[in-house]
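Chains, contacts and geometry: an overview
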Amino acid sequence: MNISTLGIDLAKNVFQLHGVDADGRVVLRKQLRRSQMAEYFVKLPPCLIGMEACGSAHYWARKLQAYGHTVRLMAPQFVKPYVKTNKNDAADAEAICEAVARPNMRFVAIKSAEQQALLALHRARSGLVKARTALANQMRGLLAEFGLTLAQGIAHIARIPEIIEDASVELPGSFRLLLQSLHEHFGQLNEHIKAQEQQIKAGAGADLAVQRQLQQIPGIGPITSSAFIATVGSVKDFASGRQLAAWLGLVPGQSSSGGKQQLLGISKRGDKYLRTLLIHGARSVIQANERRRQAGLSSDVWLDALAQRRHKNIAAVALANKSVRIIWAMLTHGRAYEPGYAASRAPA
């Protein structure tokens, strides 16, 4: 049995395998338990292995690469068109085996254990931030039931201890105790978020590309830069900055037909968390630029013109797109950030 290409349908305990030889003939249909995986692939001659980029995929990709195999990960939406019949493990494994051999297939970069650990910090922090926001909204809503209003924003939650201690405010004692307990939990969430941000910044500081290059770009801080490096890996896997921006979902989708071009909103493909960080950073740059312009200080001419003709949300996405292209150019060519840089053109 000479297997050249193998598709694996990953699962929690049962893994389905589908293998073909160099001529495309099916030579293997097999089901393995988790405990059998290592023993089987250590003995298997090196071959091309395809898997969907799902839970535990990066772990198994690193494991199988260590055994000498060539591993390719694919987004599930690119594999689904190759499923010929009803969905089951065997059909999925066959579709994966067929998809990985396509010459125009797009693959997902395999993340290292360090990249996954850093992204786990980002995911945990993101979850805590959502919980903190939900708790702040809950306290604001509970106070509104008693005729007390707080302005939006995390900073205004600091007024709650004053409200609890204010005897002139008509609040039942049980509600004051509840509010105090919720505010203490809010403080604990704040401390956890700060601690994880320190870990993220410490991890980013160890990477010179993040510390010295990406953070020089307006709107790119330690959190965004570390998330970018951990998520994207090597930007040299992308042919251009536009391709990288498209991979992150920062370019318009299309619905074109009959020679008529119709552009839609941004595609929102790729990593939602990283795209959110980039757009929020762009918003902060636009706001700072507007404050400088109103104060009569020097401002970014490109941003001023963009903000005048487009909505602020569209301007933020456009600036995020531009930042991603700058990142690609900097890391691809090994250059530092140069404000106002213009590419030189050779004379005709």
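Residues numbered from 1 in each chain as written. Predicted model: local features only at pLDDT ≥ 70, side-chain atom pairs only at ≥ 80, totals over all residues. Heavy atoms only, no water.

Attention now goes to the side chain of aspartate 9. Mapped onto the fold, aspartate 9 is located in strand β1 (residues 5-9). Despite its burial, aspartate 9 pairs with no opposite charge, the nearest such side chain being lysine 87 at 5.7 Å. Those residues within four positions of aspartate 9 in sequence are excluded, and the remaining contacts are Val14, Phe15, Gln16, Asp89, Asp92, Ala93 and Ile96. (Helix = DSSP H or I, 4+ residues; strand = E, 2+ residues; numbered from the N terminus. Buried < 20%, exposed > 50% of the residue type's maximum accessible area, 1.4 Å probe, protein only. Lys, Arg positive; Asp, Glu negative; His and termini not counted. Salt bridge = Lys/Arg side-chain N within 4 Å of Asp/Glu carboxyl O. Contact = heavy atoms within 4.5 Å.)

Spatial strand order, β3-β2-β1-β4-β5: five strands in an open sheet with mixed pairing. Edge strands, defined here as strands with exactly one partner in the open sheet, are β3 (26-33) and β5 (70-74). The average angle at which neighbouring strand axes cross in this sheet is 20°, direction not considered. Helix α1 (residues 34-43) contacts β1, β2 (14-20), β3 and β4 (48-52) of the sheet and is inclined by roughly 135° relative to β3. (Pairing = 2+ DSSP bridges. Axes fitted to C-alpha atoms, helices over the stretch in contact; angles between N-to-C directions.)

Glancing now at empty space enclosed by the protein. Within this structure, the stated rule accounts for one cavity of 30 Å³ or more. Of the voids in this model, the largest cavity is the one considered here, and its volume is about 40 Å³. Every residue lining the largest cavity is listed: Pro218, Gly219, Ile220, Leu278, Gly281, Ala282, Val285, Leu319, Ala320 and Ser323. For the lining of the largest cavity, the elements supplying multiple residues, two or more each, are α11 (272-294) and α13 (312-333). (1 Å grid on protein atoms, 1.4 Å probe; cavity = no way out; pocket = protein on both sides within 12 Å on 5 of 7 lines; lining within 4 Å. Points joined across faces, edges and corners; volume = space filled by probe spheres on them.)

Here we take up the pattern of salt bridges. Per the counting criterion, the structure on display carries 10 salt bridges. For lysine 84, the salt bridge is made with glutamate 94, and the minimal N-O distance between the two is 3.7 Å. Placement of lysine 84 in the loop between α3 (76-79) and α4 (89-100) and of glutamate 94 in helix α4 is noted, with a sequence separation of 10 residues between them. For glutamate 94, a relative accessible area of 28% translates into the label partly exposed. Ionic pairing is found between glutamate 98 and lysine 84, a salt bridge with its closest N-O pair at 2.6 Å. Taken together, the positions of glutamate 98 in helix α4 and lysine 84 in the loop between α3 and α4 put the pair 14 residues apart, joining distant regions of the chain.

Turning our attention to the pairing of β5. Across five bridges, the pairing between β4 and β5 is parallel. Note that in β5 the partner of glutamate 52 across the bridge is methionine 74.

For the protein, per-residue confidence averages 90 on the pLDDT scale, and 95% of positions sit at 70 or higher. Considering each helix and strand of the protein separately, the mean pLDDT is smallest for helix α8 (residues 208-213), with a value of 64, and largest for β4, with 97. (pLDDT = per-residue confidence, 0-100.)

This next bit is on the layout of surface pockets. Of the volumes computed, that of the largest pocket is approximately 1,200 Å³. What lines the largest pocket is a set of 32 residues, and nearest its centre among them are Ala75, Val108, Trp247, Gly270 and Asp271. Residue assignment for the lining of the largest pocket shows that the elements contributing at least two residues are α3, α5 (113-144), α9 (222-232), α10 (241-247) and β6 (252-254). Partitioned by chemical class, the residues of the lining of the largest pocket number 15 nonpolar, 10 polar and seven charged. The calculated volume of the second largest pocket comes to roughly 720 Å³. Of all the secondary structure elements, the ones that give two or more residues to the lining of the second largest pocket are α11, α12 (301-309) and α13. Take the lining of the second largest pocket: its biggest share by element is nine residues, from α13. Looking at the lining of the second largest pocket, its residues break down into 14 nonpolar, four polar and six charged. (Nonpolar A, V, L, I, M, F, W, Y, C, P; charged D, E, K, R; others polar.)

Further remarks concern α12. Taken together, the buried positions of α12 are Leu303, Asp304 and Leu306. Seen along its axis, α12 keeps its buried residues to an arc of 165°; they face one direction. Away from the buried face of α12 by more than 90 degrees, exposed residues Val301, Gln308 and Arg309 are located. On its buried side, α12 packs onto α11 and α13. Measuring from the side-chain oxygen of the N-cap residue of α12 to the backbone nitrogen of tryptophan 302 gives 2.9 Å; that N-cap residue is aspartate 300. (Arc of directions from axis to C-beta. Polar contact = N/O pair within 3.5 Å; in protein donor to acceptor, adjacent residues only side chain to side chain.)

Structurally, histidine 185 can be placed in helix α7 (residues 173-205). A sequence separation of 53 residues divides histidine 185 from arginine 132, and the C-alpha atoms of the two residues are 8.9 Å apart.

One can find arginine 140 in helix α5. One buried charged side chain, arginine 140, makes no salt bridge at all; its nearest oppositely charged neighbour is glutamate 145, positioned 13 Å away.

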